[in-house]
Every structure is written in C-alpha cells, then in structure tokens.
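Coordinates in review
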Amino acid sequence: MRTDLRLAWLFIRGSNRQEWWRIALVVAGATCATGLASAAAVLASVRGQHSFSFAAGLLNQPGERSGAIVALLLLLVPVLGFLGQCARIGAVHRDRRMAVLRLAGAEPGRVRRIAALETGLACLLGSALATAGAVAVLTAVWERPTALAWAGIALVGVGVPLLGTAAGVLALHRVVASPLGWVRRTRTRSGRGPLLLFTGGLLLVDVAALGGVTGTSMNSRGAGSNAPLVVCAAVLAVGAGAVWLTGALSWLTGRLLAARTGSPAVLIAAERLRDDPWAAARIHAAVLLVTVIGTGFAGIRQALLTELENADDTHGFAADDSFYTTGLDLTAAAIAFGLVMVLVALAVGTAESVATRRRGLAAQVAAGVPRQVLARALLLETALPLAPAVLVAGLGGLVIGTVYSVLASGTVPYLSLLVPAGIYAACLLATALSLPLLHRSVRPAELRYT
Amino acid sequence: MSNRPAPLVAARDLVKSYGRTPALRGACLEVGEGEIVAVTGASGSGKSTLLHCLAGIVRPDGGTVTYDGKRVDLLPEDRLSELRRTDFGVMFQFGQLIPELTAVDNVALPLMLAGTARGTAQERAEEWLERFGVREQKDLRPGELSGGQEQRVALARALVTGPRVVFADEPTGALDSLAGEQVMTALVGAARASGAAVLLITHDATVAAYADREVRLRDGAVVGAEVPA
C-alpha cells in the first residue's frame, strides 16, 4: 500500500497541464465538500437555543438550524456530481499510465488502486485546506467551541479523502487496462452501477442530514419532529427518481430517434444516448434536483415576499423582516451555488468526453464528416434527454411553489416557470463551452499526435 | 517517356514540419487515374504526413498539392471536408468508425451527409457490406467486430460514395496476415472495379506488392520508384 501511495504521489508530481487541471478541480470540489460538511457538522453539534452574532438570527433556534443543516448537506449533491465529473478529466493520460503500469507488471486491481489514490491525495489536499479554513472561522465566530464541534470537523476532514478514494475505486472497478494500451470498460447496460453509486451518495447525505437534524431539533423534552425524516426520505426518493428518470429518458430518446431520424447529427447523438444512457445521468439528476428546488423556491419566495409586504403586526411574523429576507437570500445563494457547481460539472463532463474521443473525432473529420455535424451532435446529446426531464422537474417545482402560494396568498407563481427555462438554457450554454475544444480536437492534424 | 496515366493527384516539393521536426523535405509524388501506388519507408520517414497533405488533412508548409488539376492546399477547410466526403475515401489503421453507430449506419453516414435519405443510404450501405462479406454484421457496432471485419466496414464506408481516390494509411497495420490479405483483396478489387486510384501507406512489403507502383520515402523525400514484380 505504501508503494502504491508513493507511486500515486509521483504521478501527481509529474502531472502535465491537463492533469493539473483535474487535480485543481478535484481539490476545489473536495474543498467545497469539506467546507459544506464541516459547517453542517458544527451546526449539528449545537444543542438547543444559541445566540449567533451573524445570519440575522437564522441559526439561533433548533428548527431553523435544522433547515440550514439540510440545505448545506443538499448542496453536497451537486458537489458530488462535480467531483465525479472532475475525476474523469485526463482519462486518456491516466489510461496510458495505467497501461504502462500493467506493462511493468502491476495487476489490474493494483493499477486501479493507484489511480484511485491519486484522486484521494487530491481530495486530501482540498480537505486540508477547507479544514484549516473551518478551524479559523470556528475560532473566530465561536468563543468556546464544543468538543462535538471539533470532532465533527475532524471526522469530515478525514472522511472526505477516504470517501474520494473509495469513490475512485468504485468508479474504476469495471475499467480493464491492458499492457498494450487498450483500456476498456466492461459494459453495464442495466445502469444499476451509476444508479447505486449516486443513490449511495444521496443516502449518505440523507443519513448525515437525519443525524444532524434529529440532534439539533430535539426539544427540551427529548422528542424529535418527524419533519426531518420526511424531508430526507423525499430527497432520497426524488434524487434516485431523478437519476432513473434521466437515464430512462436518455435511453428512450436515443432509441426513438435512432430508429427514425434522417439527420446525421441526431443519429450520432441518439446512438450515443442509446449506447450509454447513464453516462450523464448523475449530473443530469443534479440538474433536475436544482430545477425542482429552484422552481419551488422561486414560487415560495414570491409568495412569502408578498405576504411580508401585506403583513401587519397581528400576523405573528418576526419583528424584523431581515430574518425572512436574509433566509431567502441565503437560500437563493445556496441554490445559485448548486447551479454553478452543476453547470461547471456539465461543462467539464462534456469537455472530457470530447478530449477522450478526440482521435476518433479527428478521424471522422479527416474522413469528411463536417465539424458542424459533430458540434450539433454534441449539443443534442445534452439537449435531447434534458428537455423532457427539466420540464417534468420544473412542473414538480411549480407544484411545490403553487401549494405554498395558494395556501399563503391564493396566487399561482407562474413566473417561477422561468426558472426551468433559464436552467435549461444555462445547461446548453455550459455544454456549448466545450465547442471550442471540439473544434481544436477534431483538427485532422490531431491524428499526428494521438 | 512514361506510360503512366495523367496525374489525378500530384504533390510537388512538399515541405512540412511539426514544430522543429521536419516531416517532409521536398517530397514529390503523382498518382494517376485508377492507379494503385504504395508509399513505403521506415518509421518517421514522412509517409503518413505525405498522405495527410495529399488528402487535405494537413496543410503543407511549402510546395503544392493538386487534385484533378486544382490546388488542394489552398482550399478552405469546409471545401476540403466536402472533397473528402465526395471525391476522396479515407481509411486509417483504426478509429475511423463511430463507435456508437452500427456497421450499416457507419457506412451510410457519408451518404446521409450528402443528403441521401436514410433508408436509401442504408440499402446502398448494405450492398457494400455484402460485397465485402460483412453484411451479417450490419447491426453490430465497431467494438463488437473483429479487426478484419472492422476494416472491411471502414473500407465500405470509404468507397460508398464512389470516390476517385482512396487514401489508405496502414489499413492492415493492426491485422493478422489473413485478415490483412482479405482487406487488401477487397480494397484492390473494389478500386479496380470502380476505377478509383489508391494511395496506400504501408511498411509491409506484402501489402505494397498489391500496388502498381511503389514509392519509397526516406527522411521526408522520395528516394526511388519501382514497379513491384
């Protein structure tokens, strides 16, 4: 194991520019994950009422703190999707390295372990950075942090790199590297692998949320509320359903279009979707979660602000509106953060897909396939399955927002339907960011170098 | 006086470098209508670069490339793409088939790109697959084909549009001798039947023997020409 770790470290040190991109993004993802989880752990360690000097009193009561913990842990979902995509960057170089290791006599399992340890070391760096930041912030805002808070931070700091390594091993467990440089992935047509991996991640987030929320929400008599359990179960169900929905829609879209289309671009996109409908399912699922939450939030925000405007002292609202507006702003910021993570992951995933296939793509162009056809196919791979999925997710979010709005103010927040449209457009834009890379990669001259 | 046909494709004084590494240093070559020419040479002698320049895949740094009397090296990228789709057929050692498309769709693709309806394109593709003995594999994807079958599908794809020139870069390089022989027999037979010229890059003397003429490259320049026995 020590030799494997040393080799992984040597590989990291000898990384080229593309590899450094991967490492930098994994470090960034691990930093975000550790930061969010540490904040959730610290909040979960607080018992009963506590006076915080920031966040407009939002974190003072156990109930609101529970919501903050769930929100922080929910933000881990897009971060997990982002980390999953980052691990794939530089797959071509990694694959060559794996082949060389095999040629040098390493067993397939050992090669995968070394590759996973590389990811683990990058996660360790990100985790160390975030933990140092968390310690600095904690000592600055809390005079005497409890032992439980320190334990939470330590647990997260150690857990993130371990989980990163474990996820790397799981992600590579079907990759077979041959000493001659061929790397193949044993096929998983059922899609259970990615589904189980993502659902496992969601389950972990849920368990953490449940543990944290239950502890925080305990009232003085020790009785807990059922709400956290319901929320966690709902998130798990929606998350698993989103992965299944995107995968199934990709497969169905691919199958229907591949059989009927006369357009080369649609045919290429449809066959790719049919061939591996689960390839982008995790990140598309994260898009759907952001869409549901974003659309629902837009409706709730609209209704709550209207209610605050019309409220008088008899309504039982807090004396200071900033309690609500700060909460709404923080929630909006959290959703925006989640969306940014998802979009970056989408862009990274598409760019990596292009980079991995660049020799084949260059050969296509050399054989006369116009670049525009390949560019359209690339965009369609995202646009086709995501359109119905985002529509369904948007309608789901609208229902959530509408139920709240009707109960609160009797209006239907149609404006929130702009959220899924905006998210869909942003996803296409994120995918389009990889088009310059496509144009560079498919230069037939690339055949010289690949 | 040479009894070779008039040149369909011609390279004059081609110069090409990759960074500071020269690949071609004044290479000249002519390929006549319906002629099969093999270019041989050691690794790094510039064989593939010469083919890439002639097929419009790479622009030379100096010299000229003409096809049917017109300068290819001056054409814009879109026009070059069109030329490779209509007049040229290109084959590589591997990688030219789209992994997600079935064999029949891979062969039909150039026709669809040219505007042929998919059904018609597939019918014509199946005829070519039949001709090369891989019709039974028409619904398989490249990853499910053997190396020899994959190259015959690639050959069908290169020929389906009825090109006047086929550029083949080590088409049997990844195959065993039997599969290589099958591919070369199919390539030469189809080219002879359709009157297409073939520029064949190879380092294998057995493969070069299928050609009408062999041209040797050394250090980026042509060093000799001969007709194989």
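Along each chain, numbering runs from 1 in the same order as the chain's sequence is written. Whichever chain is written first is A, and whichever ligand is written first is 1; the rest continue in order. In keeping with the predicted nature of the model, local features appear solely for residues at pLDDT of at least 70, side-chain atom pairs appear and are counted solely at 80 or more, and the whole-chain, interface and lining totals rest on all residues. For side-chain calculations, the full set of non-hydrogen atoms in the structure is used, while hydrogens and water are omitted.

The next subject is the overall build of chain B. Scanning chain B from terminus to terminus reveals 7 helices and 10 strands. Projecting the C-alpha coordinates of chain B onto the three principal axes gives extents of approximately 45 × 40 × 40 Å. Counting across all 229 residues of chain B, residues that qualify as buried make up 55%. Intrachain contacts of chain B at a sequence separation of at least 6 include 67% that bridge at least 24 residues. Of the roughly 9,400 Å² that chain B leaves accessible, carbon and sulfur atoms contribute 48%. Only four residue types enter the charge count, namely Lys and Arg as positive and Asp and Glu as negative; His and the chain termini do not. Lys charges are placed at NZ, Arg charges at CZ, Asp charges at CG and Glu charges at CD. With 25 positive and 30 negative side-chain charges, chain B shows a separation of 5 Å between the mean positions of the two kinds. Runs of H or I in DSSP of at least four residues are treated as helices and runs of E of at least two as strands, each being numbered from the N terminus. Relative accessibility under 20% of the residue-type maximum defines a buried residue, over 50% an exposed one, and the middle range a partly exposed one, all with a 1.4 Å probe and only protein chains included. By definition in these notes, contact holds between two residues if any of their heavy atoms fall within 4.5 Å. In these tables, accessible area is a Shrake-Rupley quantity obtained with a 1.4 Å probe, and a residue counts as shielded only by the protein chains included in the view.

This brings us to the overall build of chain A. A tally of regular secondary structure across chain A gives 16 helices and 2 strands. The 450 residues of chain A split such that 48% are buried. For chain A, contacts bridging at least 24 residues in sequence account for 79% of all contacts bridging at least 6. Split by element, the accessible area of chain A, about 20,600 Å² in all, is 68% carbon and sulfur.

On to the sheet that holds strand β2 (residues 21-32) of chain B. Note on pairing: DSSP must find at least two bridges between two strands before they are called paired. A sheet is described by the order of its strands in space; here 4 strands give the open sequence β2-β1-β4-β5 (chain B), paired in antiparallel fashion. Among the strands making up the open sheet, the edge pair consists of β2 and β5 (70-71) of chain B.

Across chain B, the average pLDDT comes to 88, with 94% of residues at 70 or higher. Both scores are given for the predicted complex: the pTM is 0.73, the ipTM 0.71. What pLDDT reports is the predictor's confidence in each residue, on a scale of 0 through 100.

Turning our eyes to something else, we now look at helix α1 (residues 2-13) of chain A. All names here are of chain A. Each residue after the first adds 1.5 Å to the expected span of a helix. Over its 12 residues, α1 extends 16 Å from the first C-alpha to the last, a length consistent with the 16 Å expected when each residue adds 1.5 Å. Buried residues of α1: D4, A8 and I12, and no others. Taken end-on, α1 shows its buried residues confined to a sector of 80°, consistent with a single buried face. When the buried face of α1 is taken as reference, the exposed residues oriented beyond 90 degrees from it are R2, R6 and R13. Comment: arc refers to directions from the helix axis out to C-beta atoms.

When the parts of a complex come together, some accessible area is lost, and that lost area is often used as the size of the interface. At the junction of the two partners, chain A supplies 33 residues and chain B supplies 27 residues. Buried area, as used here, totals the accessible surface that two parts lose on assembly, with accessibility defined by a 1.4 Å probe and the loss added over both. Approximately 2,600 Å² of surface area, both sides summed, lies buried where chain A meets chain B, with 57% of it carried by carbon and sulfur atoms. Any Lys or Arg side-chain nitrogen found within 4 Å of a carboxyl oxygen on Asp or Glu counts as a salt bridge. Our count for the chain A to chain B interface comes out at 3 salt bridges. With a shortest N-O distance of 2.7 Å, B:R141 and A:D275 are connected by a salt bridge. Polar contact is defined as a pair of N or O atoms within 3.5 Å, subject to the rule that within protein one atom must be able to donate a hydrogen and the other to accept it, and that residues adjacent in sequence are counted only when both atoms are side-chain atoms. Counting the contacts that link chain A with chain B gives 9 residue pairs in polar contact (both at pLDDT 80 or more). If you tally residues by element for the side of chain A that touches chain B, the top one is helix α10 (residues 264-275) of chain A, at 7 residues. Three residue categories are used. Nonpolar comprises Ala, Val, Leu, Ile, Met, Phe, Trp, Tyr, Cys and Pro, charged comprises Asp, Glu, Lys and Arg, and polar comprises the others, including Gly. Broken down by class, the residue content of the side of chain A that touches chain B amounts to 17 nonpolar, 7 polar and 9 charged.

Before going further, it helps to examine the nonpolar core. Here, nonpolar core refers to any group of buried Ala, Val, Leu, Ile, Met, Phe, Trp, Tyr and Cys residues whose side-chain atoms link them within 4.5 Å. Among the nonpolar cores identified, the biggest contains 68 residues, and A:V287 and A:C427 are the most heavily contacted of them. The dominant element in this core, judged by the number of residues it contributes, is helix α2 (residues 17-45) of chain A, at 12 residues. Judged by nonpolar contacts, the second largest core, of 61 residues, contains A:I268, B:L109, B:A191 and B:V207.

What counts as an axis is a line fitted to C-alpha atoms, over the stretch in contact for a helix, and the angles between N-to-C directions run from 0 to 180 degrees. Across the interface, α10(A) lies against helix α3 (residues 103-113) of chain B with an axial gap of 10 Å and an inter-helix angle of 155°. Of the possible angle classes, the one that applies to α10(A) and α3(B) is roughly antiparallel. Together, A:P264, A:L267 and A:E271 of α10(A) and B:D105, B:L109, B:M112 and B:L113 of α3(B) make up the contact between the two elements. Each residue belonging to the contact of α10(A) with α3(B) can be placed in one class, and the counts come to 5 nonpolar, no polar and 2 charged. Each angle receives one of four descriptions, namely roughly parallel if under 35 degrees, roughly antiparallel if over 145, roughly perpendicular if within 65 to 115, and oblique otherwise.

Secondary-structure assignment places A:T119 in helix α6 (residues 108-141). Not counting residues up to four positions away in its chain, the partners in contact with A:T119 are A:R22, A:V26 and A:G164.

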